[in-house]
Amino acid sequence: MSDSVATAPIAFIDLDAQRRAIGPRMEEAILRVVRSSRYILGPEVAELEAALSAFAGVPHTLSCANGTDALALALMAWQVRPGDAVLCPAFTFAATAEVVAWLGATPIFVDVCEADFNMDPASLEAGIDTARRMGLTPRVVITVDLFGQPADYDSLLPIARAHGLKLLVDAAQSFGATHRGIHVAAIGDMAATSFFPAKPLGCYGDGGAVFCHDPETLAVLQSLRVHGQDNQDKYENVRIGMNGRLDTIQAAVLLEKLRVFPAEIAARQEVARRYNAALADVAIVPEVPPHRLSVWAQYTLRIPGRDRAAVLASLKARGVPTAIYYPKPLHRQRAYARYPVAGNGAPVSERLAREVFSLPFHPYLDPATQDRIIAAVKSALA
Ligand SMILES: *Cc1c(COP(=O)(O)O)cnc(C)c1O
């Protein structure tokens, strides 16, 4: 290990390394859009939508302004409204439940499994029961593939089907991941993702996409994306929509990033494999069952019974940045505390919020820097 590697600051996610790897193609693609003047719904937008559909094996993709709008567009297409219940995990980013509240529907917080941080099927059953007892109509379940790992769709999908619920996959962290060989964007009735820069496939600003299986739903999403306008007559508004378009420049950025994405997904597996092998004896490492492929949006350890603040301070002193996703489950947050929790609560979400932290992770993390991080974690937990 050279001295410069031993002391260089470590990035939590190194977007600059990716920019260097992609090279001048990216700048050229952006400049092409700048010179074309077609900033809104230029040809790169439809090109990207076709490329994303082909990549994920899903019939239709609608790009949009960000991942939050992507979730909202799906719920709006299904006309989710007051009196409806939408089941969401308690341990996720706020946007998953926020869009439910936007529409006046009721998010019901479902507990997660400690093995994969994702929705617990038994708690989902309890949550559906909670909704019915409250006189609400359970309409949709939003699963989140937290940290890039697909949820337990073998169990969750049949529960949704048995109760007549739509399944919306919040794939904001998991675009590119697969469950039994099927891309997460193709699982469920619709899926939504985010292209926020720090997500596994990110653009140079905000971006997102919705994935669906039939042309009728796509047409509704297209209308909703532009203020609910009629797809044939733009001066006739046929529903209440939003301004939710993806910028042409961001579509051009994503087309370039999609070229390197398969290699990046492979590189992510190798970083995770090395971390897991080195850290399994000092912390609870994230395990991915063989029928799932994670894109490792985050690499998250659990350290039950340890003083997490002290461990993170010790890592910081050794030059290793960390993050806590998430320090508070949603039902414990001020804006969401009024909403119901499935069954007897979400004790696993509460415990995980106290035990987890995430290490620097990106596909360009070289073995020497990984070793430096591993050594720091081992000595912080010694
Ligand atoms: C990032 C994220 C979102 C929201 O995406 P934005 O593009 O930031 O709006 C939604 N759900 C989850 C789980 C996320 O991680």
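Residues numbered from 1 in each chain as written. Predicted model: local features only at pLDDT ≥ 70, side-chain atom pairs only at ≥ 80, totals over all residues. Heavy atoms only, no water.

Per an unreviewed UniProt entry, the recorded name for the chain is DegT/DnrJ/EryC1/StrS family aminotransferase, and the organism is Elioraea tepida. Looking at the chain in UniProt, the text filed under Sequence similarities (unreviewed entry) is "Belongs to the DegT/DnrJ/EryC1 family." (UniProt positions renumbered as here; feature names shortened; annotations may be inferred.)

What follows is about the sheet that holds strand β7 (residues 182–183). Taken together, three strands build an open sheet; the order of strands is β7-β6-β10 and the sheet is antiparallel. In the strand order of this sheet, the two ends are held by β7 and β10 (292–293), each with one partner. Where strand β6 (residues 178–179) lies against β7, two bridges are found, and the strand directions are antiparallel. Bridged to T178 within β7 is H183. (Pairing = 2+ DSSP bridges. Helix = DSSP H or I, 4+ residues; strand = E, 2+ residues; numbered from the N terminus.)

Moving on, we come to unusual backbone geometry. The residue after Y325, namely Y326, is reached through a cis peptide bond having omega 5°. If you trace the backbone, Y326 turns up in the loop between α11 (308–317) and α12 (347–355). Of note in this structure, Q79 is not a glycine but carries a positive phi near 55°. Along the chain, Q79 falls in the loop between α5 (67–77) and β2 (84–89). Unlike most non-glycine residues, F147 shows phi in positive territory, near 60°. Topologically, F147 is positioned in the loop between β4 (137–144) and α8 (153–162).

Glancing now at the site of the ligand. Near the ligand you find 14 residues, and of these G67, T68, D170, S194 and K199 are the closest. Residue D170 places a side-chain N or O atom 2.8 Å away from a nitrogen atom belonging to the ligand. Out of a free accessible area of 380 Å², the ligand has 93% covered by protein chains. Those elements giving two or more residues to the shell around the ligand turn out to be α5 and α6 (95–102). Each residue belonging to the shell around the ligand can be placed in one class, and the counts come to four nonpolar, eight polar and two charged. (Near = heavy atom within 4 Å. Polar contact = N/O pair within 3.5 Å; in protein donor to acceptor, adjacent residues only side chain to side chain. Areas by Shrake-Rupley, 256 points an atom, 1.4 Å probe, with all protein chains shown as cover. Nonpolar A, V, L, I, M, F, W, Y, C, P; charged D, E, K, R; others polar.)

Going residue by residue along strand β11 (residues 299–302), you find Y299 and L301 tucked away on one face and T300 and R302 tucked away on the opposite face as well. Summarising the sheet, β11 and strand β12 (residues 356–359) pair through four bridges and their orientation is antiparallel. Each residue of the ladder has a partner; that of T300, found in β12, is S358. (Buried < 20%, exposed > 50% of the residue type's maximum accessible area, 1.4 Å probe, protein only.)

Interface size is often expressed as the accessible area that is lost when the parts come together. Under the domain assignment used here, the chain contains domain 1 (19–256) and domain 2 (261–380). Put simply, the middle of domain 1 and the middle of domain 2, counted by C-alpha atoms, are 24 Å apart. In this complex, domain 1 contributes 46 residues to the contact, which on the side of domain 2 involves 39 residues. Interface of domain 1 and domain 2: buried area, both sides summed, is about 3,500 Å²; carbon and sulfur atoms make up 63% of it. Three residues stand out in domain 1 for area buried against domain 2, namely F91, F109 and F147, and they jointly supply 21% of the buried area on that side. Applying the counting criterion to the domain 1 and domain 2 interface returns three salt bridges. In this structure, E114 engages R351 in a salt bridge whose closest nitrogen and oxygen atoms are separated by 2.7 Å. Applying the counting criterion to the domain 1 and domain 2 interface returns 18 residue pairs in polar contact (both at pLDDT 80 or more). Going through the elements one at a time, α6, β3 (106–110), α7 (121–133) and β6 are the ones with two or more residues in the side of domain 1 that touches domain 2. When residues in the side of domain 1 that touches domain 2 are grouped by element, the largest group, five residues, is from β3. (Domains from an automatic or database assignment. Contact = heavy atoms within 4.5 Å. Buried area = accessible area lost by both parts, 1.4 Å probe. Salt bridge = Lys/Arg side-chain N within 4 Å of Asp/Glu carboxyl O.)

In contact at an axis separation of 10 Å, α5 and helix α9 (residues 215–225) are set at 120° when each is read in the N-to-C sense. By the angle class used here, α5 and α9 are oblique. Crossing hand, α5 versus α9: right-handed. Taken together, the residues of α9 that come into contact with α5 (itself represented by L73, A74, M76 and A77) are V220, L221, L224 and R225. Per-class residue counts for the contact of α5 with α9 are seven nonpolar, no polar and one charged. (Axes fitted to C-alpha atoms, helices over the stretch in contact; angles between N-to-C directions. Parallel < 35°, antiparallel > 145°, perpendicular 65-115°, else oblique. Left-handed = near helix turned anticlockwise from the far one by under 90°.)

Take the nonpolar core next. Formed by 48 residues in total, the largest nonpolar core has its most connected members in L52 and L124. Put simply, the parts of the chain that give this core at least two residues each are α4 (43–56), β2, β3, α7, α8, β5 (166–170), β9 (208–212) and α10 (248–279). Counting the residues that make up this core, at least three belong to each of domain 1 (19–256) and domain 2 (261–380). By size, the runner-up hydrophobic cluster in this structure holds 35 residues, among which are A97, F109, C212 and A346. (Core = buried A, V, L, I, M, F, W, Y, C linked by side-chain atoms within 4.5 Å.)

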